[in-house]
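Summary of the model geometry
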Amino acid sequence: RKKFKVIVITNQSGVARGLYAEEDIKKLHKWVKYELKKKKAKIDDFFYCPYHPHGLIKKYKKKSFLRKPEPGMILKAKKKHNIDLKNSFMIGDQKSDEICAKKVKLNFFYKKNNLLKDIKIILKKIN
């Protein structure tokens, strides 16, 4: 209702470690979108990084600018969706999330409650 884009950025080192495939991530994201739609909610886009410098799968074993705490996924989302980072925010639960957000001067908040409660509190703070 507030016209914010909802975008997920996520490290998925399990791909590099051979625990699951990129196709599994895509299926999960599709399922999440489907379940949210039933509740009249949505995620506008997902960005994920399958790489890890210590991965077991050669194709994915590398250091990547996409992997948080680097801001590559945020910058891709910014470009694709024309996002104004000054009027946006990120919620995360890891120090790497906070570092990532700070690198592009994106407002950051740690997840404290359930996500809906956190968002309501954040929107009151920034309005």
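Notes on the structure in this doc start here. Computed from a predicted model, the values in this text were never measured in an experiment. (Residues numbered from 1 in each chain as written. Predicted model: local features only at pLDDT ≥ 70, side-chain atom pairs only at ≥ 80, totals over all residues. Heavy atoms only, no water.)

**Regarding the layout of surface pockets**
Where we set the bar: Points on a 1 Å grid, built from protein atoms alone, make a cavity when a 1.4 Å probe fits but cannot get out and make a pocket when they are open with protein on both sides within 12 Å along at least 5 of 7 lines; residues with an atom within 4 Å of a point are the lining residues. Grid points are joined across faces, edges and corners, and a volume is the space filled by probe spheres set on the points. Each residue is assigned to one of three groups, with Ala, Val, Leu, Ile, Met, Phe, Trp, Tyr, Cys and Pro labelled nonpolar, Asp, Glu, Lys and Arg labelled charged, and all others, Gly among them, labelled polar.
As a volume, the largest pocket reaches approximately 1800 Å³. Around the largest pocket, the lining is made up of 42 residues, and of these Lys5, Val6, Ile7, Leu115 and Ile119 lie nearest the centre. For the lining of the largest pocket, a count of residues per class yields 22 nonpolar, five polar and 15 charged.

**Thoughts on the environment of Asp118**
Keep this limit in mind: Secondary structure counts use DSSP, requiring at least four H or I residues in a row for a helix and at least two E residues in a row for a strand, with both numbered from the N terminus. Residue burial is assigned from relative accessible area. The probe radius is 1.4 Å, only protein chains are included, and a residue is buried under 20% of its type maximum, exposed over 50%, and partly exposed in between. Every residue pair with non-hydrogen atoms within 4.5 Å of one another is taken to be in contact. Definition of a polar contact: a pair of N or O atoms within 3.5 Å, with one able to donate and the other able to accept a hydrogen when the atoms are protein atoms, and with sequence-neighbouring residues admitted only if both atoms are side-chain atoms.
Assignment of secondary structure puts Asp118 in helix H5 (residues 115-126). Given a relative accessible area of 5%, Asp118 falls into the buried group. When the C-alpha positions of Asp118 and Ile91 are compared, they lie 8.4 Å apart, and in sequence the two are 27 residues distant. The residues contacting Asp118, other than those within four sequence positions of it, are Tyr110, Lys111, Lys112 and Asn113. There is a polar contact of 3.0 Å between the side chain of Asp118 and the backbone nitrogen of Asn113.

**Details of the side chain of Asp97**
Within the fold, Asp97 resides in helix H4 (residues 95-103). On the basis of relative accessible area, Asp97 is assigned to the buried category, the value being 4%. Here Asp97 is in contact with Lys68, Met90, Gly92 and Phe108, once residues within four sequence places are set aside.

**What to know about unusual backbone geometry**
Residue Pro69 is bonded to the preceding Lys68 through a cis peptide linkage, with omega at 25°. Examined against the element boundaries, Pro69 turns out to sit in the loop between strand E2 (45-49) and helix H3 (72-81). Despite not being glycine, Lys40 shows a phi value in the positive range, around 60°. Within the secondary structure, Lys40 is located in the loop between helix H2 (22-38) and E2. Residue classification places Lys40 among the exposed positions, given a relative accessible area of 82%. With a phi close to 50°, Asn82 is a non-glycine residue in the positive phi region. Within the secondary structure layout, Asn82 lies in the loop between H3 and strand E3 (89-92).

What is shown is where atoms sit, not what they do.
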